[in-house]
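Geometric and topological summary
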Amino acid sequence: MRRFQLAALVAIPVLYYFGLIVGAATYPGYSHVTRYASELGAAGAPYPDLFNYSIVAGGLAALFGAVGLAGALRDLSGGRLWSVIAGICLALWGAGMVMGGWFPMPDDRHGGFGLVLAGPLVPLFTLLALRRATGAGAMLAFLAFVFVGQLVLLAIMFGVGELVTRANVGIWQRINSGFGIPWLAVLGLWLLARARTVNESSPAHA
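What you are looking at is a predicted structure, and each value in this text was computed from that prediction instead of being measured. (Residues numbered from 1 in each chain as written. Predicted model: local features only at pLDDT ≥ 70, side-chain atom pairs only at ≥ 80, totals over all residues. Heavy atoms only, no water.)

Orientation of helix H3 (residues 81-102) relative to helix H4 (residues 121-130), taken along the N-to-C sense of each, is 165°, at an axis distance of 8 Å. In terms of their interaxial angle, H3 and H4 are classed as roughly antiparallel. Judged by the sense of rotation from one axis to the other, the crossing of H3 with H4 is left-handed. Contacts between H3 and H4 pair Trp 82, Ser 83, Ile 85, Ala 86, Cys 89 and Leu 90 from the former with Leu 121, Val 122, Phe 125, Thr 126, Leu 128 and Ala 129 from the latter. (Axes fitted to C-alpha atoms, helices over the stretch in contact; angles between N-to-C directions. Helix = DSSP H or I, 4+ residues; strand = E, 2+ residues; numbered from the N terminus. Parallel < 35°, antiparallel > 145°, perpendicular 65-115°, else oblique. Left-handed = near helix turned anticlockwise from the far one by under 90°. Contact = heavy atoms within 4.5 Å.)

One finds Ile 12, Leu 69, Leu 90, Trp 93, Leu 130 and Leu 191 to be the most contacted residues of the largest nonpolar core, which totals 43 residues. Breaking this core down by element, the ones donating at least two residues are helix H1 (2-25), helix H2 (48-77), H3, H4, helix H5 (137-157) and helix H7 (182-201). Look past the residues within four positions of Leu 90 in its chain and what remains in contact with it is Leu 9, Ala 62, Gly 65, Ala 66, Leu 69, Val 122 and Leu 184. (Core = buried A, V, L, I, M, F, W, Y, C linked by side-chain atoms within 4.5 Å. Buried < 20%, exposed > 50% of the residue type's maximum accessible area, 1.4 Å probe, protein only.)

We now examine the pattern of salt bridges. Where charged atoms from two side chains of opposite charge come close, those side chains can pair. In the structure shown here, the tally under the stated rule is five salt bridges. The partner of Arg 74 in a salt bridge is Asp 75, and the shortest N-O contact between them spans 3.7 Å. Overall, Asp 75 belongs to the exposed group, its relative accessible area being 52%. (Salt bridge = Lys/Arg side-chain N within 4 Å of Asp/Glu carboxyl O.)

Everything listed here is a matter of geometry and, on its own, says nothing about what the molecule does.
Okay, structure coming up:
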């Protein structure tokens, strides 16, 4: 079961970018530069369900993967607190994604009541959980990079520096999602590899 849960982390960006790329390709005149991703699921889109169901599926994968994340981090670190918090933050983010797809724009519930803001905390608490794990140096550096990048981009999206305009909001949102989503697949693959190594080195495989 753990392998399926960690594989769900890999599926999250696949599902999201499927909805984004295919949804945009089937929306005449849609621009990745000037338009929000959520507009692909709004009532005026040609095939809103294509994007919305992809987002819901990605959110469900995050909820499922959150359990595997917490368990895998606990096994590697021997600690429970940061591992569980990392899993909870990912689950909150996943719930926000499900709501975003289930309640398309302009529904007030589309924002998921801010639950997706728990997403940038996942790399932080994952880093804290793994800080004493053997052989995790490169992953810790990667997690720190992702965390800082997400904080910077979140601040920009909220208006810091006044860099985001209606003429470029699509670009900034894609950069933001580029820091906030694909890294989960990298983490999932890394955890799967670590779990495989542990299994192969256990007495049962000696």
